[in-house]
Every structure is written in structure tokens, then in C-alpha cells.
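Spelled out, the chains give:
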Amino acid sequence: MFAYTVRRVLAAIPTLWVALTMIFILVRVIPGDPSAAIMGDYISEEGVQTLKHQMGLDRPLIEQYVEYLYGFCRGDFGKSLITGCSVIEEIKSALPHTLELTLLGLLVGIVTGIPLGVFLALKRNSIVDYLGRFFSLAGLSFPVFYTAVLLILLFSIKCDLLPVMGVGEEGNFASRIQHLILPSLTLGLLMMSYMTRITRSSILDVLNADYIRTAHAKGLKLKKVIFKHALKNASISLITVVGLYASILIGSSVMTEIVFSRPGLGSLIVGAMFNRDYILITSVMTIYAAIVIIINLITDLSYGLIDPRIRYE
Amino acid sequence: MKKARLVAIFALFSIIVLGFNSQAFCEKIINVGIKSADMGILDPHLSATTANLPIMDSIFNGLVRFKPGTVDLEQIEPDLAVRWTSSPDKKEWIFYLRKGVHFHHGFGEMTAEDVVFSLKKASAKETSRWWSNYKAFDQVVAVDRYTVKITLKYNVPSMLGLVLNFHGGMVLSKKAYEQYGDDFKLKPVGTGPFAFEEYIPKQKTVLKANDQYWRGRPKIDKIVYHFVPVSNSREMAFLKGELDVIEGIKAEWWAEKMRAKKDVIFDALGPGECTVVHFNMTRKPLDKLKVRQAMAYALNRKDFRLTYGMSITEDAVSPVPPGYLGFTSDVEKYKFNLKKAKALMKEAGYPDGFDLGKFVTSKIYLNTAELLQANLGKIGIKLEIQMVDHPTMHKMIREDVNPIVPYGCCRFPIADQYLTQFYHSESIVGKSTGITNFSHYGEVIPGVDDLIDAARVEPNLEKQKALWVKAQKKIMKDVPAYPLRVTYVVLARKKYVDLGYDLKSNITLHYQITEKTDLKR
């Protein structure tokens, strides 16, 4: 297991390098440059060239790449082309907000989606099941920004219960939680919809299995049959889905952060894209890639912990 | 036991939901919604973004300033300078500074040394984005502790425009700049009514009242600028009461919605963004005057205004927008006349029109592009719209790929800015000095370079204005471009926000929060 983990971690390094290289090239291929964002749209061509020279963007691409890669390996991502601030500091301040939002959204989705999926599986083909399937499909179909606006209208504007924007006051726990409820609910509802549907079908798959019939025949209570036998066996597919959708959830967090004006990686990357802040885009995208790689790694490793039949050689 | 647990959960939920507002109730705090994901930097000489203009405006002063609520260069009033004199040829200026003005955070009294330092910094390529505006500066010297002398190599369109409270004209603390170095951009020190207190990236910037402000202590204790890029989120936060003033959505429905609210004041203010369609005269048959005139007659300004709303726009009739120093409306207007347009097309040899091919534009200009396509289609001119993202569009139009370029912008309110950037031959795209002359005016056909150049160095204001008027008349006669619409900045504030001045325009394109601004809840 340990050797396998080390191997996987080592294999992740070239994956990350390929991702970084592709991102580095792609962001420079798209037309536009940061000069307009820095100087305004009335900068002359001469001014653009002067600025490019000052920022080192007129050097050969390979030279810029090697310099960036060297800095990246040492944990120095460089400075934002627009603000001149350290990119690593910007990421350090944004990453916790994205992680807390995504993890809480994931938690809300799992905690509500799995029991709901089990419940719908047990009520198969009943009116409750149809309604549940309909609403989970609706949850999947709604874009997150739409869900977010609906939640704001309901809980903030109509009921005046929760704040619309920001992350709350530093050091004020209640304020921080207040500001986290609606954004995490937005992501949580999306995750819940995924989880409900997958749990329902996974449970239905195992409900007709012999060992479930045996468990019933032994006289075990339904709760025990479901949570000890059925759910345990369905968990491999559930973990796969959690891993897969956790990555999707991180993508969805971009829009959620923008609607709720939360200072996460999403806000950072959107601003950087618009300003063509190459250094910031490359760094944030690489961080996103690293998060996805880590999630996949954790997903793969967790299979062995849950199913003893799976062994890592 | 179960009951106790339920009570505990309910109590915790109540604490979280109801929270406790730690905001000190005794403080007057104004929450401002800024349409941006972040602030950028607060060195006024280095920053070129619009989002932080209102922030810097509250922190810094210039030697002179626009009267609050106006952008009229003819109504400039003293700021850090109590008075000024100029030589008859306007090449030598002496500014007499106000005594006893102190910089924030204990950086001492503002003196001529700080003014000289600031203007020299604004003129240097390495420390200023606005250095080219100060090319005419020959010498800036401190005559004594409270007197500054500026000598020009040649005249400029508006000398006072270079030393007012905007961009390069802002006065910085020399001592603070030397102490903070590169960090100054996020630790700004000025003499304005509010001092910088805190910046939380991607969230907010907090300014606190300058107790020693020489015009009197501000009535508001703190300004909190929140960065909320999404219009709907800003509006919802405003309606909920989390924001007191916001930048709105440029649309009639939004204006009506805000006007209908009893506790809200809606404001549409200048300087407006002027949208003009530029005809690339290097593309045949746009080099023919009659074709361009036909296109002008075929474009219905009302249609273009309706895309935003009649109450927040006005007709753009001249290459220079109304309200700018030097503007004239006494030009050929080409009032919408389809019959005349068709007749001109026939005279030009294109009775059935022609195909202009593709032109790139971005989402921001989509409505305008579709209207151009529809309006010009009526006289047989075919256009194909190609959508790209906004920065890509800026890059491509500067590579001269478009036969026509719809372009909207707002500039410093003086005719020279629009005339130079859009109609001077030096500004033709593709040239090393190129800016935004998309029509190649002054290259394909003779332009107005001589008039613009002469006006720039003319010391007599009336003569200068006459030259600008002449240039505008000639441009409208030649039609290298056709002005469509002026769109105003739309803002909304709660009724209890008393600005303390009459609002018509603001160079920061937002509400200016001064020492007189108050919250009368």
C-alpha cells in the first residue's frame, strides 16, 4: 500500500508538469495581453511594447517558461502582472475560502444525498420516488448561478435571514458561518442531486443480491440490512462518484464565488483571465489541476480501505 | 435528553443566523459596491483601472480639483494650492500651497517638496503610467516651502488638468513613498478626507475619516468599498441593506426599477461613454465619401439609444461628447434618412449595396453590432458578426482586421483627448504611436492633424476652443466615423445618503465621497 501510494504520488508529478506546460502555452496563445488592463485602452503601440519589455513578456517564450518552471518548483510563482503582488500570497489568501466552500458543499451533498437516495430506492416506483427523481434531476439541470440567485432571493431578500455577499468578519465565527451557509447550500444542492440519483441506483442494484435476501431471511432489521450490507457494497461506486463530482464541484465553485462575491480561487481566476494576467492564470489553473489530481489519488486509495478484495501491488 | 439537544441545536442555529453584528453602532459607515472583482493598486500614478478611482479620490488631493459633482475644466477650484499664476505665454506656472495640510498616518506636513516629488514621479516612465501626459514639463522646482514653479517646454491643452485630483496630478507623501517603497501601492498616503486603513484582497478596502482634514473632519467615519463584480449580486446586497450605494446596470428597466423604490435615489451621471462607429477607409468602398455619408444617414441613433434606454443616454452628434471642454453640436448631423442614404448609395455606384464581410466584436458591443448589421442591411450593406472575448477584440481591432469598428469609451473631459486618440494620423492603428484611429483618417484622406496640433499649444482658451470646433466640423463633413450614442454611468444610493453636493458628473465614474457626505438614517 505504502509503495503504491509513493508510486502514485510520483506519477502525479509528470501529470502536473504536463498540465502546467499546457496551461502556460494556452494562456499565451489566446489573443490580448495585460497592457490594456494595466494602461487602459488608450495605450499606444509604443507604450504596449515598453510595458511588455518592463514585464519581460518580449523575451522568448521558452526563456519565460524555464524561469516560471524554476520558480514554481521552488514555490515562487512570481508576481501578478497587474498588481505586482506575490502570486503565492494571493493564492494563499484565496485557497482556504475555496476549500472551505467546496468541502462544506461536498459534506452537505453527501449527508443529505445518501439517505435520500436510500429512501427513494426503498420507495421505488412510488409517488415519492417519482418526485424525488424529478427534483434531483431539476437540481442537476439548474446552473449553480441560478440556484444561488434563487437562494439569495428566498433567504436574504424575502426572509432577511442570511447575508448576500462576502465571507464575513475576520475572527467572528458566527459571521463567517452566516456567510458560508448559502454558498455551501448552492453547491450542496448540486452535490445532493448527484448523490441521490447515484445512491438510489446503486442501492437498487444490490437490493436483489443474494446476501441481501439472506440478511432479510436472518431476520435483520431493515436499517441494518441497508446500512451494513447494501450501502457498504454500493460504496465503491459512491466513492467514485464523490471523487468525480468533487472535481466538478470545484469547477462550480468558480461561479458560486462570483455570485456571492467570495474571495476564492474562482474570483481570482476570472479577474486574471479578463486582465490576461498570464502568471496568475497559469498558477491558479495549475493549483486547480493539482487539486483534481489529489482528489483522484485519494479516491483511488480509498477503494482499498473500503473493499478488502482490492489490493495494491 | 432529546428535547435538550433540540433546544441546543436551535440556539446554535439562531446565533449563527441572527449572528451578532460587531459593527460599532456609534460609527457612521458607508458601504459602497464597486463593480470589480478586486481593487488593483492604489498608487494613482501607476493605476489605470476604473474600479479604484473613487477610492483614490478620497485618499489623495491635487493642486486643484474639479468642483465636486462636476467635470467642468472651466470650473476648476483650488485644492492643495490656494492660488496660482501663469505667464502670458502660459509656459510658466506658479502654485502657492496651502499651509498646515498634513499627510495621513503622521507623515508630516505637505510641502512643495512633496509636490515636486509627486509631479516628477508622475512624469517618469518607470514610476508612472501617465508619464506621456507630462512630456511638456521642463522643470518642476520648489521655490520655497509653500511655492512650486512649473516650466513647460511647450503649451499643453490644459495645464490645470495635469495637476488636478486625477491620476498623475495626485500629490503623494514623499516620506511615505521612500519609506514604503514598492509597498506604497497598497499602503497609500495622501492628504484627502479619508485615510487608508485596510485592504482584504478580493473582498474590501476600508478608509477611515481623516480627523485632521483641512476642509473639516468628514461626517462619515468609515468608507467600506466592497468588490462585487456581478451586477445582480450588487443589486441584491443593496436591496438587502448590505450596501448603501452601488453601480447599477445600464438599462432602462433597471433605472425604472430603482426610480420606483421609495428608499432609493437613482442617478445617471457623466462624463458619458461615447459610442462611435469607425469606418475603416482602407477598405473599399469605404474610402468613398458618398458611401460613408449613406451609412451615416442609414444609422438611426434612436435605435442605438433604445438598447440601453432613452433616459440614460443621449444622441452623440459630434466626435467629442457633450460636456467636454471644446465640444460643439454645430456640426453636420446626418439625421436618419433612409431615402437619402439609398440615393447616395446609388450615386456612389452601389445601388444594390455591397458585402463588407466579417467584423469582430465582443459581448459588450453585441447589441450595437446587431443594430449596425440591421440598419446598414436596409441599404444593402452586408456584415457578418464574429464574436470573440473582450480582450481578444481589443487586440484584433488594433491589428486592423475590421471594416467597421464600433467603439465606446470615456476620456478625460477635454476635446483634445478624443480628437487625438481617434482622429490624429499619429494614432492610426498599426503605427508605433497608434492608439485608436481605426478609420485611418489623416492617411487615406487629409485629416485634422494641423487643427489638433495647433489647439494643443494655443494659450488662449477661446482660440483653442475655436480650433477644436473647426476640427469637429471637418470630421463630421468627412465622416471617417459616425457618433451614435452617449451612455451615462448609472448609480443608485439609499435615500439617507446625502452626498453633500449637487451631482451632475464625476471623473471617478462613481459617487465621490467627500467630507460633506453624510448618512441621514
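Residues numbered from 1 in each chain as written. Chains lettered and ligands numbered in written order. Predicted model: local features only at pLDDT ≥ 70, side-chain atom pairs only at ≥ 80, totals over all residues. Heavy atoms only, no water.

### Points about the interface of chain A and chain B
Tallying the contact residues gives 51 residues for chain A and 54 residues for chain B. For the pairing of chain A and chain B, the buried interface totals around 4,100 Å² over both sides, and the portion due to carbon and sulfur atoms is 61%. Where chain A packs against chain B, one counts 3 salt bridges. Of the charged contacts in the structure, one is a salt bridge between Lys202(B) and Glu90(A), with a shortest N-O distance of 3.0 Å. In this assembly, chain A and chain B are joined by 8 residue pairs in polar contact (both at pLDDT 80 or more). Of all the secondary-structure elements, those providing two or more residues to the side of chain A that touches chain B are α2 (35–39), α3 (45–55), α5 (87–122), α7 (144–158), α8 (173–207), α10 (222–259) and α11 (265–275) of chain A. The greatest single-element share of the side of chain A that touches chain B, amounting to 6 residues, is contributed by α3(A). (Contact = heavy atoms within 4.5 Å. Buried area = accessible area lost by both parts, 1.4 Å probe. Salt bridge = Lys/Arg side-chain N within 4 Å of Asp/Glu carboxyl O. Polar contact = N/O pair within 3.5 Å; in protein donor to acceptor, adjacent residues only side chain to side chain. Helix = DSSP H or I, 4+ residues; strand = E, 2+ residues; numbered from the N terminus.)

### Overview of the packing of helix α1 (residues 2–29) of chain A against helix α4 (residues 61–73) of chain A
All names here are of chain A. Following both chains from N to C, one finds α1 and α4 inclined at 140°, their axes separated by 11 Å at the closest point. In terms of their interaxial angle, α1 and α4 are classed as oblique. The interaxial crossing formed by α1 with α4 has right-handed handedness. Across the interface between the two elements, Trp 17, Leu 20, Thr 21, Phe 24 and Arg 28 of α1 pack against Leu 61, Gln 64, Tyr 65, Tyr 68, Leu 69 and Phe 72 of α4. Of the residues assigned to the contact of α1 with α4, the class counts are 8 nonpolar, 2 polar and 1 charged. (Axes fitted to C-alpha atoms, helices over the stretch in contact; angles between N-to-C directions. Parallel < 35°, antiparallel > 145°, perpendicular 65-115°, else oblique. Left-handed = near helix turned anticlockwise from the far one by under 90°. Nonpolar A, V, L, I, M, F, W, Y, C, P; charged D, E, K, R; others polar.)

### Things to note about the domain arrangement of chain B
One frequent convention defines the size of an interface as the accessible area lost when the parts assemble. Residue and element names in this part refer to chain B. Per the domain assignment, the segments making up chain B are domain 1 (30–244 + 496–519) and domain 2 (272–488). The centre of domain 1, based on its C-alpha atoms, is set 33 Å off from the matching centre of domain 2. With 16 residues of domain 1 at the contact, the number on the domain 2 side is 13 residues. Counting the surface lost from both domain 1 and domain 2, the interface buries some 1,100 Å², and carbon and sulfur atoms represent 71% of this. (Domains from an automatic or database assignment.)

### Comments concerning the state of the cysteines
Residues and elements named next belong to chain B. Counted by the stated rule, this structure contains 0 disulfides over all chains. The structure places no disulfide on Cys 410, whose sulfur is separated from the nearest cysteine sulfur, that of Cys 409, by 7.5 Å. The class for Cys 410 is partly exposed, based on a relative accessible area of 23%. (Disulfide = S-S within 2.5 Å. Buried < 20%, exposed > 50% of the residue type's maximum accessible area, 1.4 Å probe, protein only.)

### Concerning the sheet that holds strand β7 (residues 147–152) of chain B
Residue and element names in this part refer to chain B. Strand order in this open sheet of 4 strands is β4-β5-β7-β6, and the pairing throughout is antiparallel. Looking at which strands have only one partner, the edges of the open sheet turn out to be β4 (81–86) and β6 (137–144). Across the sheet, the axes of successive neighbouring strands diverge by a mean angle of 20°, strand direction being ignored. Pairing geometry for β6 and β7, over 6 bridges, is antiparallel. (Pairing = 2+ DSSP bridges.)

### With respect to α7(A)
Residue and element names in this part refer to chain A. The first and last C-alpha atoms of α7 sit 20 Å apart over 15 residues, in line with the 21 Å expected at 1.5 Å per residue. Of all the bends in α7, the greatest, near 30°, is centred on Ile 152. Those residues of α7 that fall on the buried side of the exposure criterion are Val 144, Thr 147, Ala 148, Leu 151, Ile 152 and Ser 156. Note on α7: the residue one or two positions beyond its end, Asp 160, has a positive phi of about 55°. (Expected span 1.5 Å × (residues − 1). Bend = angle between axes of the 7 residues up to and from the residue.)

### So, the environment of Leu265(A)
Residue and element names in this part refer to chain A. Among the secondary structure elements, Leu 265 is positioned in helix α11. C-alpha of Leu 265 to C-alpha of Val 242: the two residues are 23 residues apart in sequence and 21 Å apart in space. Those residues in contact with Leu 265, other than ones at most four positions away along the chain, are Ile 91, Ala 94, Leu 95, Thr 98, Glu 257, Val 284, Ile 287, Tyr 288 and Ile 291.

### Digging into the pattern of salt bridges
Applying the stated criterion across every chain, the model contains 39 salt bridges over all chains. Salt-bridge contacts for Arg59(A) lead to Glu63(A); the nearest nitrogen and oxygen are separated by 3.5 Å. When the shortest N-O distance is used, the salt bridge between Glu252(B) and Arg259(B) registers 4.0 Å. A residue is classified by how much of its surface remains accessible, and Arg259(B), at 42% relative accessible area, is partly exposed. Here the residues in one salt-bridge network are Arg59(A), Glu63(A) and Glu67(A), joined through shared partners.

### Notes on a positive patch on the surface
Residues and elements named next belong to chain A. A cluster of basic side chains, namely Lys 218, Lys 224, Lys 228 and Lys 232, defines a positive patch on the protein surface. You can see Lys 228 is positioned in helix α10. Relative accessible area serves as the criterion here: at 48%, Lys 228 is assigned to the partly exposed category. (Patch = residues over 30% accessible without salt bridge, like charges linked within 9 Å, V, L, I, M, F, W, Y side chains within 5 Å. Areas by Shrake-Rupley, 256 points an atom, 1.4 Å probe, with all protein chains shown as cover. Lys, Arg positive; Asp, Glu negative; His and termini not counted. Charge placed at Lys NZ, Arg CZ, Asp CG, Glu CD.)

### A short note on a nonpolar patch on the surface
All names here are of chain A. A surface patch of nonpolar side chains, about 690 Å² in accessible area, is lined by Leu 116, Phe 119, Ile 127, Val 128, Leu 131, Phe 134 and Phe 135. Only α5 and α6 (127–141) provide two or more residues apiece to the nonpolar patch. Top element by residues in the nonpolar patch is α6. It accounts for 5 residues. Checked against the element boundaries, Phe 119 lands in helix α5. With relative accessibility at 38%, the residue Phe 119 sits in the partly exposed group.

### Details of the packing of α7(A) against α8(A)
All names here are of chain A. Interaxial distance between α7 and α8 falls to 9 Å at its minimum, and their mutual angle equals 130°. In terms of axis orientation, α7 runs oblique to α8. Handedness of the crossing formed by α7 with α8: right-handed. Side by side, α7 and α8 meet where Val 144, Thr 147, Ala 148, Leu 151, Ile 152, Phe 155 and Ser 156 of the first sit next to Leu 182, Leu 185, Thr 186, Leu 187, Leu 189 and Leu 190 of the second.

### As for the packing of aromatic side chains
Across all of its chains, the model carries 26 aromatic pairs over all chains by this definition. Relative to Tyr146(A), the ring of Phe142(A) has its centre 5.2 Å away and its plane inclined at 75°; by these criteria the two rings are edge-to-face. Of the residues examined, Phe142(A) reaches a relative accessible area of 34% and is grouped as partly exposed. Of the residues examined, Tyr146(A) reaches a relative accessible area of 41% and is grouped as partly exposed. Seen from their ring centres, Trp93(B) and Phe95(B) are 6.3 Å apart, and the 10° between their planes marks the pair as stacked. Across the pair, exposure class does not vary: Trp93(B) and Phe95(B) are buried alike. (Phe/Tyr/Trp six-rings, centres within 6.5 Å; stacked < 30°, edge-to-face > 60°.)

### Side note on helix α11 (residues 366–377) of chain B
Residues and elements named next belong to chain B. Over its 12 residues, α11 runs 16 Å from end to end, which matches the ideal 16 Å to within 8%, given 1.5 Å per residue. Along α11, the residues that are buried comprise Thr 368, Ala 369, Leu 371, Leu 372, Asn 375 and Leu 376. Looking straight down α11, one finds that the buried residues subtend no more than 160° of arc, so they occupy a single side. (Arc of directions from axis to C-beta.)

### A short note on the pairing of β4(B)
On a regular strand, one side chain projects to one face of the sheet and the next to the other, so that they alternate. Relative to strand β5 (residues 92–97) of chain B, β4(B) runs antiparallel, the two being bridged by 5 bridges. By the bridge assignment for β5(B), Ala81(B) is matched with Leu97(B).

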